[in-house]
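# Survey of secondary and tertiary structure
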Amino acid sequence: MPSVVLNAEIISSIVSFAYWGENRRDVLLDLRTVYALALTCRAFLEPALDQLWRRQLTLFNLAKTLPRDSWKLVDSEDDGPNGEKQIFIKSTRLNVPKDWARFDYYAAKIRELGYDPRAPHGMAEGPSARKFAVPFDFFQNLCILRAPYELLPGLRRVRWTTEEGELSLRQHVYIFLNAPLVGLTLDFRGAPLDWSDMYDDATFIKYTLRAVTEQCPAFRDLEIMWPLFEKYADAVREFLHATPKLRTFYSNVRGLKEMELVELASMPELRRTRLYLDATEFPWLARAFSQPPFPSLVDLTLEAPSLAECTAFLNALGTCKLETLTVICEERPSEQMLRDFCTALVACCSHDSFRTFSISDNGTGSEYAVSVEIFTPLTCFSNLRSFTLDLSGPYALDDAFPQALLSAWPILEELSIGAKHGWGRRPALTFTGLAHIVRLCPQLEELCIAIDATQEVNASILAEVSPNTRVSSLNLIDSHVVQDEAGAVALSRNLAALFPELERISAKTPDSKTGGDGGAAGADVPMETQDEPGKNLAAESFWREVEKQVATFALLRDMDFPMDLSS
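### Description of the side chain of Thr243
Mapped onto the secondary structure, Thr243 falls in the loop between helix H10 (232-242) and strand S9 (248-251). For Thr243, a relative accessible area of 12% gives the class buried. Among the polar contacts made by the side chain of Thr243, one reaches the main-chain carbonyl oxygen of Phe239 at a distance of 2.7 Å. Among residues more than four places away in sequence, those in contact with Thr243 are Thr213 and Met267.

Written as structure tokens, this is what we have:
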């Protein structure tokens, strides 16, 4: 084989490309190509194995490298966290020194634990429940026989979640806090407070983070998502004092004192953080050791009782390098609050580098409907790639909305409006507007939007639009549809014309409708546009039938059959 092909850098690039593939959002990666490369020749063997083992969701695969007579697989006695049965690996004997050769070989390749190797880039884990698990007694066996630094010597990132807590493994994260570690994620949002293990929540967080500061000199990225409790801020305070060179401090902690906020704003390398704002004045920004504050921050999440605090923060922050902004409000913002916020955002962020914007609330509705005019100031962000809007209450977005707003964002990749709350009323957006979205945003990969699928659409409009082949999953939330055979056929034909690669459709159903579908959201909507909540939500079986018909129409289109099969 020519030496240029045997170049390690080239081979590594080939394997990486084979691993990530098209990397479609919400589509699990197919690892078979990388496995085939590993079997090609010796030149590809090690790079392919490095890629296959780099990310592991649990130690299950690694444990199976021990001699076959030292373990067995058993079904769990109890249901898993989501009601599913799991398969456990159990030790059948103690392992002797000669047993560890294969284990050590593959363990050295693992760089990230708690990350599904099949999950696309940007996701830690796929949507399906875990099928395999390593229980408490197997971990105990490992801890008895091996020193912590010997288990995964090259590990750089750990993600420990409620799944591990359910197996009584919460405290076992300590095993992986070794010198190479640069990132730790503790995601226990769905866990009960003070789980019945060795330590209460505050003690566990405080001393786990102290171990990080003492044992992990290269550490840079911390994410903690935890049910709120009284001593949460006290548990992370010492860590903030001890690690001034963090790149990520992302936590839902509230009640940080002014000194901790000053230290956070002064971190020269901090690129991602989350703040809870409970005031409209921020004197600690002026006290930051470096000015302007947050000199390297590019990804910010703001959580506040109302949007007024977020607007005040952006005004106090001034010009910054933000590329991603997520805003979460407890109350539904008023129309004037939204206008003031958009004005502050435009003044704060670079029009060329701002990429991702998301705003949502946990309210229950409002007297006004969200209109496109509120967000027109954001059209100055010409390189926007993701726009997420999820406000409780109705939306007044019709077929003119794409031209008025989306025409300014030609490289938009993700558009989501009303994913949790729904649109609160019968949508004014039809297939004509959906066709405009496809035409104006040709790079769109993820779409969540509600439409009125009962309105007739001019076939010439669909014919003039180049189909989007990037979207494989579509969320139609509380779209208005006709639930009969003719309605399913018309809906499928139009969707296939716009999204020929569409495989999955999700939507609110009568059994799943939540949030903004309720009566409060539609209480002030004029009667001629207001529908009974849930009246026109299609059943799950309807959407599965639409998926099948979309695939059929797409196939006929590829075969150059006429799309109009009505006659």
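### Considerations on helix H18 (residues 485-498)
With 14 residues, H18 ought to run about 20 Å at 1.5 Å a step, and its terminal C-alpha atoms sit 20 Å apart, in line with that. Taken residue by residue, H18 has Gly487, Ala488, Leu491, Ser492, Asn494, Leu495, Ala496, Ala497 and Leu498 as its buried positions.

### Describing the sheet that holds strand S5 (residues 132-133)
With mixed pairing, the 3 strands of this open sheet are ordered in space as S2-S3-S5. Of all strands in the sheet, those with a lone pairing partner are strand S2 (71-75) and S5, marking the two edges. Two strands pair when backbone bridges link them, and S2 and strand S3 (residues 87-91) are joined in this way by 5 bridges, in the antiparallel orientation. Note that in S3 the partner of Trp71 across the bridge is Ser91. With respect to the sheet, helix H6 (residues 136-145) is in contact with S2 and S3, its orientation differing from that of S3 by roughly 35 degrees.

### Some remarks on the nonpolar core
Formed by 169 residues in total, the largest nonpolar core has its most connected members in Phe294, Phe313, Leu325, Phe387 and Leu495. Excluding anything up to four places from it in sequence, Phe387 contacts Phe357, Phe375, Leu378, Leu405, Trp409, Leu412, Glu414, Leu415 and Ser416.

### Focus: the pattern of salt bridges
Any two side chains of opposite charge can pair if their charged atoms end up close together. As enumerated under the stated definition, the model contains 31 salt bridges in all. For the salt bridge of Glu335 with Arg339, the shortest nitrogen-to-oxygen distance reads 2.8 Å. Note that Glu335 and Arg339 are positioned in helix H14 (residues 335-348) at a spacing of 4 residues, about one turn of the helix. Residue Glu335 is classed as partly exposed on the basis of its relative accessible area, which comes to 30%. We classify Arg339 as partly exposed; its relative accessible area is 32%. Through salt bridges that share partners, Glu125, Arg130, Arg159 and Glu164 make up one connected network.

So, how was this worked out
- Each chain has its residues counted from 1, following the order in which its sequence is written.
- The predicted origin of the model limits local features to residues at a pLDDT of at least 70 and limits the giving and counting of side-chain atom pairs to 80 or more, whereas totals for whole chains, interfaces and linings rest on all residues.
- Calculated side-chain values reflect all of the structure's heavy atoms, with hydrogen atoms and water omitted.
- The way it works is that DSSP assigns letters per residue, a run of H or I at least four long becomes a helix, a run of E at least two long becomes a strand, and they are numbered from the N terminus.
- Three exposure classes are used, based on accessible area relative to the maximum for each residue type with a 1.4 Å probe and protein chains only: buried under 20%, partly exposed in between, and exposed over 50%.
- As used in this structure description, the phrase polar contact means that two N or O atoms lie within 3.5 Å; if the pair is within protein, one of them must be able to donate a hydrogen and the other to accept it, and residues adjacent in sequence are counted only when both atoms belong to side chains.
- Contacts are residue-level and defined by heavy atoms, with any inter-residue pair within 4.5 Å sufficient.
- Helices are assigned an expected span. That span is 1.5 Å times one less than the residue count.
- Two strands qualify as a pair provided that DSSP identifies no fewer than 2 bridges between them.
- To obtain each axis, a line is fitted to C-alpha atoms, and for helices this fit is confined to the stretch in contact; angles are then taken between N-to-C directions over 0 to 180 degrees.
- Put simply, buried Ala, Val, Leu, Ile, Met, Phe, Trp, Tyr and Cys residues joined by side-chain atoms within 4.5 Å make one nonpolar core.
- Salt bridge, as applied in this entry: a Lys or Arg side-chain nitrogen positioned within 4 Å of an Asp or Glu carboxyl oxygen.

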